Amino acid sequence: KGNVLIGDDIVRDECQTIAYEAVTGRKGYLVHWSFNYQYYFDALEGPTRDRIVVIRNEHMVEDWNSIERLMGGRNNIVSGLNFPHDNSHEKNETEKFLSDGSRRALCQASCNDIYVYKSILRRGKNLKPEDVEESLAELRNICPKEADTVDREGCHDALPDIERKIKRDRVVLEEYSGKFI
């Protein structure tokens, strides 16, 4: 093993392992990294899985309004002017750069999560077919192979078994919420 070259990037072996485990949700280096789409989707049980609403970050205002309409509320209750949704600092060009090789590696490592993401999009009761296609087209611009993968045939890894993680977290949540009841 050792260092490898991905595009123009030299990546150390241990960095690759940490990145892979983080992206796939196999190991929780930071809380944000250990809960991927599969975690939240698999936590839904039974018919609840088919009754979800979706808010896509890139279309937050439109999706919020579509949920409002779905629930019998007013049209266009929020606008981009009164709905701040970027809680990060401005990025400069060097912070946004990702080499083609690194992007491909990240897309490949995210294949399972992308598969689950597409399942979530298709089940979103507030999304129209053209909304789903728009998100798939945006995904296709970043991860073309994974965007068009059907039934995970392009994913190198099996979906991880995260049932124990979900059960453990339910117990913690129940214990935590019991303190407030």
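Owing to the predicted nature of the structure, the values given are computational and were not obtained by experimental measurement. (Residues numbered from 1 in each chain as written. Predicted model: local features only at pLDDT ≥ 70, side-chain atom pairs only at ≥ 80, totals over all residues. Heavy atoms only, no water.)

A short note on the overall build of the chain
The criterion, for reference: By the criteria applied, helices consist of DSSP H or I runs no shorter than four residues and strands consist of E runs no shorter than two, each listed in order from the N terminus. Any pair of residues with heavy atoms lying within 4.5 Å of one another is described as a contacting pair. We get accessible surface area from the Shrake-Rupley algorithm with a probe of 1.4 Å; when it comes to residues, only the shown protein chains can shield them.
When helices and strands are tallied, the chain shows nine helices and two strands. Taken from the N to the C terminus, the helices and strands of the chain come in the order β-β-α-α-α-α-α-α-α-α-α. Taking contacts inside the chain between residues at least 6 apart in sequence as the whole, the part at least 24 apart equals 59%. In the structure as shown, the chain presents an accessible area of about 12,800 Å², 55% of it carried by carbon and sulfur atoms.

Focus: the packing of aromatic side chains
Filter applied, for reference: Aromatic contacts are taken between Phe, Tyr and Trp rings whose centres are within 6.5 Å, Trp giving its six-membered ring; a plane angle under 30 degrees counts as stacked, one over 60 as edge-to-face, and the others as tilted. Relative accessibility thresholds used throughout: buried, under 20% of the residue-type maximum; exposed, over 50%; partly exposed, between the two (1.4 Å probe, protein chains only).
Overall, the coordinates contain one aromatic pair when judged by the stated rule. Judged by centre distance (5.3 Å) and plane angle (35 degrees), the ring pair of Tyr 37 and Tyr 117 falls under tilted. Within this pair, whereas Tyr 37 is found in helix α2 (residues 37–43), its partner Tyr 117 is found in helix α6 (residues 111–123), the two being separated by 80 residues in sequence. For Tyr 37, a relative accessible area of 38% gives the class partly exposed.

Details of the confidence of the model for the chain
Stated formally: pLDDT expresses how confident the predictor is about each individual residue, on a scale running from 0 to 100.
When pLDDT is averaged across the chain, the result is 78; 73% of the residues are at 70 or more. Of all helices and strands in the chain, the one with the weakest mean pLDDT is strand β1 (residues 4–6) (49), whereas helix α7 (residues 129–142) scores best (96).

Considerations on helix α3 (residues 60–70)
Those residues of α3 that fall on the buried side of the exposure criterion are Met 60, Val 61, Asp 63, Asn 65, Ser 66 and Ile 67. Just beyond α3, the residue with positive phi is Gly 72, at close to 90 degrees.

Brief notes about the packing of α6 against α7
Spelled out, the test is: With axes taken as lines fitted to C-alpha atoms, and helix axes fitted only over the stretch in contact, angles between N-to-C directions fall between 0 and 180 degrees. Under this scheme an angle from 65 to 115 degrees is roughly perpendicular, one under 35 degrees roughly parallel, and one over 145 degrees roughly antiparallel; angles in between are oblique. Left-handed describes a crossing whose near helix is turned anticlockwise from the far helix through less than a right angle; right-handed describes the clockwise counterpart. Residues are grouped as follows: Ala, Val, Leu, Ile, Met, Phe, Trp, Tyr, Cys and Pro are nonpolar; Asp, Glu, Lys and Arg are charged; every other residue, Gly included, is polar.
Where α6 meets α7, the axes come as close as 10 Å, and the angle between the chain directions of the two elements is 160 degrees. Relative to α7, the element α6 is oriented roughly antiparallel. With respect to the hand of their crossing, α6 and α7 are arranged in right-handed fashion. In contact with Ile 114, Tyr 117, Lys 118, Leu 121 and Arg 122 of α6, α7 contributes Val 132, Ser 135, Leu 136 and Leu 139. Of the residues contributing to the contact of α6 with α7, the split by class is six nonpolar, one polar and two charged.

What about the side chain of Lys 118?
To keep things clear, this is the line we draw: In this tally Asp and Glu are treated as negative and Lys and Arg as positive; neither His nor the chain ends contributes. By convention in these notes, a salt bridge is any Lys or Arg side-chain nitrogen within 4 Å of a carboxyl oxygen on Asp or Glu. Identification of polar contacts relies on pairs of N or O atoms within 3.5 Å, with a donor-acceptor requirement for protein atoms, meaning one able to donate a hydrogen and the other able to accept it, and with residues adjacent in sequence counted only if both atoms are side-chain atoms.
Its place among the elements puts Lys 118 in helix α6. No salt bridge is formed by the buried Lys 118. Its closest oppositely charged neighbour is Asp 148, at 6.6 Å. A polar contact of 2.6 Å, which involves the side chain of Lys 118, links it to the backbone oxygen of Thr 149. Once you skip the residues sitting within four places of it in the chain, Lys 118 turns out to touch Leu 136, Leu 139, Glu 146, Ala 147, Asp 148 and Thr 149.

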